[in-house]
Amino acid sequence: MQDIQGWLLVYAVGSLPVLFFYSAGLAGWVYDYPIPLLASIFIAFLVPVVLLFLKVPSAPFWNIALLWTGAALLTSRILHGIVQGDIPIERNAATMLVSFVGFAIAWAGVWTAYFLKSERVERVFG
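Residues numbered from 1 in each chain as written. Predicted model: local features only at pLDDT ≥ 70, side-chain atom pairs only at ≥ 80, totals over all residues. Heavy atoms only, no water.

### Quick notes on the overall build of the chain
This is how it is decided: Only DSSP runs of H or I reaching four residues or more are called helices, and only runs of E reaching two or more are called strands; each is numbered from the N terminus. Three exposure classes are used, based on accessible area relative to the maximum for each residue type with a 1.4 Å probe and protein chains only: buried under 20%, partly exposed in between, and exposed over 50%.
In terms of regular secondary structure, the chain is built from five helices and zero strands. Element order for the chain, N to C, with α for helix and β for strand: α-α-α-α-α. The principal-axis extents of the C-alpha atoms in the chain amount to approximately 50 × 30 × 20 Å. In the chain, which comprises 126 residues, the share counted as buried stands at 39%.

Below is the structure:
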């Protein structure tokens, strides 16, 4: 645990609410937010983060894949809802949905850059 500190720890802790939000969105896409499905998706999303704490050498790769997969799935879920007419296109809703997608892409971009350029990540997993 001593190597998992600084920004790497911020990423791991900060990922929890983000991954839960992604899980809730995807569980709601499938069928009205069933708790077992929500929990299953959340646990699956947590696996790459847990790999960081286990210091698996491929953990940065899996976390980058998780970041972009989560952003793509959230974007797909929102676009699907708009196309199907499940999500009304009102100004407030559109602003909120665009901010969700923008956040997901920004989150993925910032942390991808961190995983690719960080000396700590290189030292711990390289």
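### Some points on the packing of aromatic side chains
Stated formally: For Phe, Tyr and Trp, where Trp contributes only its six-membered ring, two rings pair if their centres lie within 6.5 Å, and the inter-plane angle classes them as stacked under 30 degrees, edge-to-face over 60, or tilted in between.
Following the criterion strictly, the structure yields nine aromatic pairs and no others. Both rings, one in Phe20 and one in Phe42, keep their centres 5.5 Å apart while their planes meet at 80 degrees; by these two values the pair is edge-to-face. Of this pair, Phe20 sits in helix H1 (residues 7-31) while Phe42 sits in helix H2 (residues 35-53), placing them 22 residues apart in sequence. Residue class for Phe20 comes out partly exposed when judged on its relative accessible area of 41%. With centroids separated by 5.8 Å and ring planes inclined at 65 degrees, the aromatic side chains of Tyr114 and Phe115 adopt a geometry described as edge-to-face. Here Tyr114 and Phe115 have matching classes, each one buried.

### Overview of H2
Put simply, the rule is: Given a helix with a known number of residues, its expected span is that number minus one, times 1.5 Å. We define the bend at each residue as the angle formed by axes fitted to the 7 residues ending at it and the 7 residues starting at it.
Taking 1.5 Å as the rise per residue, H2 with 19 residues should run 27 Å; its terminal C-alpha atoms sit 26 Å apart, in good agreement. At Val47, H2 shows its maximal kink, close to 35 degrees; a proline, Pro48, follows between one and four residues later. When H2 is considered as a whole, its buried residues turn out to be Leu38, Ile41, Phe42, Phe45, Leu46, Pro48, Val49, Leu51 and Leu52. Following H2 by one or two positions, Lys55 has its phi on the positive side, about 55 degrees.

### Considerations on the packing of H2 against helix H3 (residues 59-84)
Quick reminder of the rule: Axis definition: a line fit to C-alpha positions, over the contact stretch in the case of helices; interaxial angles, taken between N-to-C directions, run 0 to 180 degrees. What sets the label is the angle itself: under 35 degrees gives roughly parallel, over 145 gives roughly antiparallel, 65 to 115 gives roughly perpendicular, and the rest give oblique. If you view the pair so one helix is near and one far, a crossing is left-handed when the near helix is turned anticlockwise from the far one by less than a right angle, and right-handed when it is turned clockwise. The contact definition used throughout considers only heavy atoms, calling two residues in contact when any of these lie within 4.5 Å. When residues are grouped by polarity, Ala, Val, Leu, Ile, Met, Phe, Trp, Tyr, Cys and Pro land in nonpolar, Asp, Glu, Lys and Arg in charged, and all others, Gly among them, in polar.
The N-to-C vectors of H2 and H3 enclose an angle of 155 degrees; their axes lie 9 Å apart at closest approach. Put simply, H2 runs roughly antiparallel to H3. When you trace H2 past H3, the crossing you get is left-handed. Residues Phe45, Pro48, Val49, Leu51 and Leu52 of H2 lie in contact with H3, whose contacting residues are Ala59, Trp62, Asn63, Leu66 and Leu73. Grouping the amino acids of the contact of H2 with H3 by side-chain chemistry returns nine nonpolar, one polar and no charged.

### As for the environment of Trp68
Locating Trp68 in the fold gives a position in helix H3. Remark: the alpha-carbon pair of Trp68 and Met96, spanning 28 residues in sequence, is separated by 20 Å. Contact partners of Trp68, with chain neighbours within four places excluded, come to Ile105, Ala108, Gly109 and Thr112.

### Section: H3
With 26 residues, H3 extends 36 Å between its outermost C-alpha atoms, agreeing within 8% with the 38 Å of an ideal straight helix rising 1.5 Å per residue. Along H3, the residues classified as buried are Ala59, Pro60, Asn63, Ile64, Leu66, Leu67, Gly70, Ala71, Leu74, Arg77, Ile78 and Gly81. After H3 finishes, the residue Gly85 shows a positive phi value of roughly 85 degrees.

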